[in-house]
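Here's the letter readout for the chains.
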Amino acid sequence: MSAETISEKPPAIAVASVRKIQQDPAWVRWGLTFLALAVLGVLVVIPVINIFVEALRAGVAVYWNNLFGDPDTLHSMVLTLTVVPIALVTNLVFGVAAAWLISKFDFPGRTVLTALIDLPFSVSPVVAGLMFVLIFGLQGYLGPFLRRDGYAVMPYLISLLAAGAFLPLCFLACPVPARARRGFWRHPRLVALGGSAVVFGLFFFIQQFFELWPHHKSLKIIFATPGLVLATAFVTFPFVARELIPVMEAVGVDEELAALSLGASGWQMFWHITVPNIKWGLVYGIILCNARAMGEFGAVSVVSGHIAGKTDTMPLRIEKLFQEYNLPGCFAVASVLTLLAILTLVAKTKLESKLPATASLHGKKTK
Amino acid sequence: MSILVKNVTKTFGNFTALDNVSLEVPDGSLLALLGPSGSGKTTLLRIIAGLEVADSGTVLHREEDITHQSARDRKVGFVFQHYALFRHMTVAQNIGYGLRVRQAPKAKIRARVEELLKLIRLEGLEARYPGQLSGGQRQRVALARALAAQPRVLLLDEPFGALDANVRRELRQWLRNLHNTLQMTSLFVTHDQEEALEVADRVVVMNEGRIEQVGTPNEVYHNPASPFVHHFLGNVNLFHCRVEEGMAYIGNTPVQLPAHVSRDAKTTRVYIRPHLFEIEKTPDGNKSLHGTIKHLNPAGPVVKLEVTSDWGDTINVEIPNERYRALQLQKGDEVYVRPKEMKFFSDDYSI
């Protein structure tokens, strides 16, 4: 025992002396700390506090009225809360699928796909918005058709989505047990293809038969909610995939193979093994994606057309109120957006402090 | 025959991992796939498990063709090299997973998990996470997880590869005993010849995607079928000999050629294991090889000598400690070594 205690002491001393050697003089430390705090205070803390001060300057009642009394402002909040979840879910599905594809499979064009995922990051949001205007706008490629009989495309679109969703589900869920695989069931690819064709036909037939979509009516994408969703989803596309790819690559495929060899189906493997392993990456990606989607201005500004009470999201509404010299109203909406951003940050920090203990990535990668 | 592999070929790009491999695994046997890295042993194991698809060939289990069955339908227990334990599940959840996905009742899962924990001697650790276990414990949990759903075959990929020497030796014996208790057909992959010879009933020596030899540890060690097997199992001295008038010459020492070696060849190779030398300080007719001791290592039960021969080759010799003491050998001594057993291979073989 005594030998142990003796041998433990010297390293402690060594660590202390190393720390002393590495430490800079006090004035450098205090100077740098002060500088950092001053810059942070002037550039971040004071403006953020100012938003809330300005918003609440005339009292809580006025603040409340500014937020909920103005129907256009109210609508902008509702619109943001509609557009963001749709874009988020879309990106979640596509992000997980893309990350899965890139990290687990090796195929020609993999690097190109990785670069393409990053494209929305590097393209200016205004250009992204313009892109959609050029495709779906009145003078765009699809504009005349959408204006003439836009809803005619809906049955195809919905049926295609359903058939596309059926394909991976068919492989993941693997509905027929192996023992029953006789005759037609022996060819799972054929079953999947045939099944998705049937799904497509079924959805198409139902939509046509019940005439769910109006005929000869223009379908507005630009200057309407679909355009807002498209632009938001495009700009925030890389967040989920970018977060997941490194996590999935670090986790590897061994655990998933182990699950399969233990008799799990693809569906069970995904929910029991893959999702828990990428859980934190997923949550982190969603938070970042959400923050960006709510604050998105450039791309949305181009496709929205700024129709008050129709296509104004919160950031657009703030700009408009500001230009109308309605400063209290402007700051009231801004405070809500800021509050959401702060909440997101808090959530992110909470997760990060939780990460090392239970995370998949840093947990027990001893190899 | 529990597992029958027929003419399996597998390529990865330009690399041929398995080249027309056929293998029989008898029921209840413990079989080792032994070979250097890149010899295709892990690929063969994964094809049997269904984790890899063969380009051609068939895999049978008791006459049932399982070539196109998915991994989940094959009911094999697979133990991964790095364990691949589910890191977010406890030990008990890990072990019970194979039963959970087959919708076994909860009470049954719990009973089976307890039984297996007893088997792997980790009672009381069921609530731990894999990250809180040592390497040897993780290995045993991985084994228990593979055994839980009562697989038809147990496949182990380098089961002791990532463990330190002591734990490895201990687990090796434990696996041997476990196999004796369970009598389950098992295959394990290893590159450690000692491990294969000690644990397995039968050893399959693989090289460059082909099977070199299948046999009991005794057979492959004492009767290697090819120079490669001879080289891979244990230390060996290799001499290139001239062939003249039906005799082979190691340096200047003539030795009788066995019948199976072609007398027409100009040269041949002879393999002699280090412990199959007789060592003397005086010449014994002209049957001995002459040389000087360059280095000797008397630590351990056998004394290892490096002898530089007259013609320049180094001969590795192992002699018992008593013999070393009786002869009072020193570094620089002139000695005569006489091979007791030789293995000849014609030069058209290549390693």
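Up top is the structure.
Quick look at the structure, then. (Residues numbered from 1 in each chain as written. Chains lettered and ligands numbered in written order. Predicted model: local features only at pLDDT ≥ 70, side-chain atom pairs only at ≥ 80, totals over all residues. Heavy atoms only, no water.)

1. Description of the overall build of chain B
- Counting its secondary structure elements, chain B contains ten helices and 20 strands.
- Structurally, chain B occupies a C-alpha span of about 80 × 45 × 35 Å along its principal axes.
- Looking at chain B residue by residue over its 351 residues, the buried ones come to 52%.
- Within chain B, counting contacts between residues at least 6 apart in sequence, those at least 24 apart form 67% of the total.
- Of the roughly 16,300 Å² of accessible surface on chain B, a fraction of 46% belongs to carbon and sulfur atoms. (Helix = DSSP H or I, 4+ residues; strand = E, 2+ residues; numbered from the N terminus. Buried < 20%, exposed > 50% of the residue type's maximum accessible area, 1.4 Å probe, protein only. Contact = heavy atoms within 4.5 Å. Areas by Shrake-Rupley, 256 points an atom, 1.4 Å probe, with all protein chains shown as cover.)

2. Some remarks on the sheet that holds strand S3 (residues 30–34) of chain B
Residue and element names in this part refer to chain B.
- One open sheet accounts for six strands, arranged S6-S7-S8-S3-S9-S10; its pairing is mixed. Each edge of the open sheet carries a strand with a single partner, namely strand S6 (76–79) and strand S10 (210–215). Taking each pair of neighbouring strands and ignoring which way they run, the sheet shows an average axis angle of 15°.
- As defined by bridge partners, S3 adjoins strand S9 (residues 202–207) across four bridges and the pair is classed as parallel. Each bridged residue has a counterpart across the sheet, and for Leu34 the counterpart in S9 is Val205. (Pairing = 2+ DSSP bridges. Axes fitted to C-alpha atoms, helices over the stretch in contact; angles between N-to-C directions.)

3. Looking at the pattern of salt bridges
All names here are of chain B.
- Across all of its chains, the model carries 27 salt bridges over all chains by this definition.
- A salt bridge links Arg172 to Glu198, with the nearest nitrogen and oxygen atoms 3.1 Å apart. Separated by 26 residues along the polypeptide, Arg172 in helix H6 (residues 165–182) and Glu198 in helix H7 (residues 193–199) bring together distant segments of the chain.
- Exposure remark for Arg172: the relative accessible area of 4% places this residue in the buried category.
- When the shortest N-O distance is used, the salt bridge between Glu208 and Arg210 registers 4.0 Å.
- Here the salt bridges do not stand alone but share partners, grouping Arg168, Arg172, Asp192, Glu194, Glu195 and Glu198 into one network. (Salt bridge = Lys/Arg side-chain N within 4 Å of Asp/Glu carboxyl O.)

4. Quick word on the sheet that holds strand S17 (residues 302–309) of chain B
All names here are of chain B.
- In spatial order, the strands read S15-S19-S16-S17-S18; together these five strands make up an open sheet with antiparallel pairing. In this open sheet, the two edge strands, each paired with only one partner strand, are strand S15 (277–280) and strand S18 (314–320). Recorded for the sheet is a direction-independent mean angle of 45° between the axes of neighbouring strands.
- Relative to strand S19 (residues 334–339), strand S16 (residues 289–297) runs antiparallel, the two sharing four bridges. Each residue of the ladder has a partner; that of Leu289, found in S19, is Val337.

5. Some details on the interface of chain A and chain B
- The interface of chain A with chain B comprises 26 residues on the first partner and 26 residues on the second.
- Of the roughly 2,400 Å² buried where chain A meets chain B, counting both sides, 55% is carbon and sulfur surface.
- Counting across the interface, chain A meets chain B through one salt bridge.
- A salt bridge links Arg87(B) to Glu255(A), with the shortest nitrogen-to-oxygen separation between them at 2.6 Å.
- Summed over the shared surface of chain A and chain B, the number is six residue pairs in polar contact (both at pLDDT 80 or more).
- Going through the elements one at a time, helix H12 (254–261) and helix H13 (266–295) of chain A are the ones with two or more residues in the side of chain A that touches chain B.
- Broken down by element, the side of chain A that touches chain B gets its largest block of residues, seven residues, from H12(A).
- When its residues are assigned to classes, the side of chain A that touches chain B shows twelve nonpolar, eight polar and six charged. (Buried area = accessible area lost by both parts, 1.4 Å probe. Polar contact = N/O pair within 3.5 Å; in protein donor to acceptor, adjacent residues only side chain to side chain. Nonpolar A, V, L, I, M, F, W, Y, C, P; charged D, E, K, R; others polar.)

6. Quick word on the pairing of strand S14 (residues 267–272) of chain B
All names here are of chain B.
- Of all the six residues making up S14, five are buried; the element is thus mostly covered by neighbouring parts of the structure.
- Where S14 lies against strand S20 (residues 343–346), four bridges are found, and the strand directions are antiparallel. For Tyr271, the partnering residue across the bridge sits in S20 and is Lys343.

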